[in-house]
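# Secondary and tertiary structure notes
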Amino acid sequence: MGERAIIVTGASRGIGAAIAAQLAEADFIVGGLSRSGELPRCDRGGPAVRSRWIALAADVTKPTAVCQAVEQIAARASIVGLVNNAGLHTEARSEELTIDDWNAQLAVNATSVLACSQVIYPHLVKNGGGLIVNIGVEAFLPASQIDIIPPKNLAQFIGNVYEFKVVKINQERQNIVLSRRELIEAERDEKRNKLLTD
């Protein structure tokens, strides 16, 4: 079996879909596991890239379901890697978050990492080694970077969705600093320049 495969959980959209596309472009078969079992939603790559995707529906919190999906991929290619990307986030304040919601998040964000790694590990050993990569990003947004004028009350921003710019990645401290202010300023400058040139 000459082809090599990498399993990507949460591969149907977002970061997982982008990872799946990049791996396929690098000539790996990509076993995409997701709740929906859909192919990655990604504009990158033509038919040649898409032909290297195997999309399977699997509950990554259940080792039996992961095992069944992985065996289908192993029948086509040698498994040499795993990207644990699946994640679940419930939009709720901590005082409103139910224990069931909390347990569901733990199952996807933590338990599935162990479950998938345990299923994949024997394949890595059999195929001469490989890598397991866990995707997880924590970021810090200083209050001074949330708006043009730093707000006195941050409560107004809770529960809303915003776009941010990554302004700093500190590898030593392993954190990412975000800014919404820089995006607002850039948008304001663009509008000003357009007004002056029209």
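Whatever comes next refers back to the structure up there.
Residues numbered from 1 in each chain as written. Predicted model: local features only at pLDDT ≥ 70, side-chain atom pairs only at ≥ 80, totals over all residues. Heavy atoms only, no water.

### Observations regarding the sheet that holds strand E4 (residues 78-84)
Convention followed: Two strands form a pair only when DSSP identifies at least two bridges running between them. Every helix listed is a DSSP run of H or I at least four residues long, and every strand listed is a run of E at least two residues long, numbered separately from the N terminus. Helix axes are fitted only over the stretch in contact, all axes being lines through C-alpha atoms; the angle between N-to-C directions runs from 0 to 180 degrees. Any two residues whose heavy atoms approach within 4.5 Å at even a single point are treated as in contact.
Spatially, five strands are ordered E3-E2-E1-E4-E5 in an open sheet, and the strand pairing comes out parallel. Where the open sheet ends on each side, the last strands, each with one partner, are strand E3 (53-57) and strand E5 (131-134). The mean inter-strand angle of the sheet, taken between neighbouring strand axes irrespective of direction, is 20°. Sheet topology note: the strand E1 (residues 4-9)/strand E2 (residues 29-34) ladder contains five bridges and is parallel. Bridged to Ala5 within E2 is Ile29. Here helix H1 (residues 14-25) sits on the sheet and contacts E1, E2, E3 and E4; the angle it forms with E1, its principal contact strand, is near 175°.

### Thoughts on helix H3 (residues 63-74)
Residues spaced three or four apart along an α-helix point in a common direction, a consequence of the helix completing one turn every 3.6 residues. Note the cut-off: Every helix has an expected span of 1.5 Å times one less than the residues it contains. Burial classes follow relative accessibility: with a 1.4 Å probe on protein chains only, a residue under 20% of its type's maximum area counts as buried, one over 50% as exposed, and anything between as partly exposed. Directions drawn from the helix axis to the C-beta atoms are what define this arc.
Compared with the 16 Å implied by 1.5 Å per residue over twelve residues, the 16 Å span of H3 between its first and last C-alpha is a close match. Of the residues making up H3, those classed as buried are Val66, Ala69, Val70, Ile73 and Ala74. For H3, the angular spread of the buried residues around the axis is 140°, confining them to a single face. Opposite the buried face of H3, at more than 90 degrees from it, the exposed residues are Thr64, Gln68 and Gln72. Contacts made by the buried residues of H3 are with E1, E2, E3, E4 and helix H4 (99-126).

### Side note on unusual backbone geometry
Non-glycine residue Asp27 carries a positive phi angle of around 75°. For Asp27, the position within the fold is in the loop between H1 and E2.

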